[in-house]
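Examining the three-dimensional arrangement
Read off the chains here:
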Amino acid sequence: MSSEIENKYVISRLDDECYGIPIYNVLSIEKMSTTTRVPNAPDYVTGVTNLRGEVIPIINLREKLGMEKREIDENSRVVIVTLDDIVVGLIVDSSSEVLEIPKDNIDKPPYDENNQFMEYVSGIGKISDRLIILLNLKKILEY
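Residues numbered from 1 in each chain as written. Predicted model: local features only at pLDDT ≥ 70, side-chain atom pairs only at ≥ 80, totals over all residues. Heavy atoms only, no water.

The six strands lie next to each other as E8-E1-E2-E11-E10-E9, forming an open sheet whose pairing is mixed. Each edge of the open sheet carries a strand with a single partner, namely strand E8 (94-100) and strand E9 (106-107). When strand E1 (residues 8-14) meets E8, the two strands line up antiparallel, connected through six bridges. Following the sheet pairing, Tyr-9 is matched in E8 by Leu-99. (Pairing = 2+ DSSP bridges. Helix = DSSP H or I, 4+ residues; strand = E, 2+ residues; numbered from the N terminus.)

Let us look at the nonpolar core. Residues Ile-21, Val-81 and Leu-90 are the most contacted members of the largest nonpolar core, which totals 24 residues. The set of elements that each furnish at least two residues to this core consists of E1, strand E2 (17-22), strand E6 (77-83), strand E7 (86-92), strand E10 (121-127), strand E11 (130-135) and helix H3 (137-140). If one sorts the elements of this core by residue count, E7 sits on top with three residues. Leaving out residues up to four positions away in the same chain, Leu-90 has contacts with Ile-21, Ile-59, Arg-77, Val-78, Val-79, Val-81, Leu-137 and Ile-140. Judged by nonpolar contacts, the second largest core, of eight residues, contains Cys-18, Leu-99, Ile-101 and Ile-127. (Core = buried A, V, L, I, M, F, W, Y, C linked by side-chain atoms within 4.5 Å. Buried < 20%, exposed > 50% of the residue type's maximum accessible area, 1.4 Å probe, protein only. Contact = heavy atoms within 4.5 Å.)

For Asn-25, the location among the structural elements is in the loop between E2 and strand E3 (26-31). Residue class for Asn-25 comes out buried when judged on its relative accessible area of 8%. Other than its neighbours up to four places away in sequence, Asn-25 contacts Ile-80, Val-81, Thr-82, Leu-83 and Leu-137.

Glancing now at the sheet that holds E3. Across a sheet, strands are paired by hydrogen bonds formed along the backbone, either parallel or antiparallel in direction. If you trace the five strands from one edge of the open sheet to the other, you get E3-E6-E7-E5-E4, paired in mixed fashion. Here the strands that pair on one side only, and so sit at the sheet edges, are E3 and strand E4 (45-51). Each strand axis lies, on average, 30° off the axis of its neighbour in the sheet, ignoring direction. Note: strand E5 (residues 54-60) against E7, three bridges, orientation parallel. (Axes fitted to C-alpha atoms, helices over the stretch in contact; angles between N-to-C directions.)

Below, the structure is given as structure tokens:
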């Protein structure tokens, strides 16, 4: 894989924070559609949806990261991601840009043994005057 693609991230927002997902893991960005609740699924699993004939589980990223719930609105999007042949939709507040973050501008996440959600962060990207929280998809997609 070329380093040009490895350094690009789809940027999504949750509240005022920006989160980056490697672009090579993103299949598409969709508007919210109807989901069907799955019995006994974890609370952060909103349900499943039919996306162009494929049934995809939908995860509310806010709830997965332990953030306060928020109503879905017209800016909400579902980022369809894939990792190791698993396809999942992540609900975010909004998503609208792709940024290239050079590896030299990515720091390790701060260590905090009391914050269980730091395991979902793979790094902190710095670009211009912005900080981008880079998500660890492997941990996010674990049950």
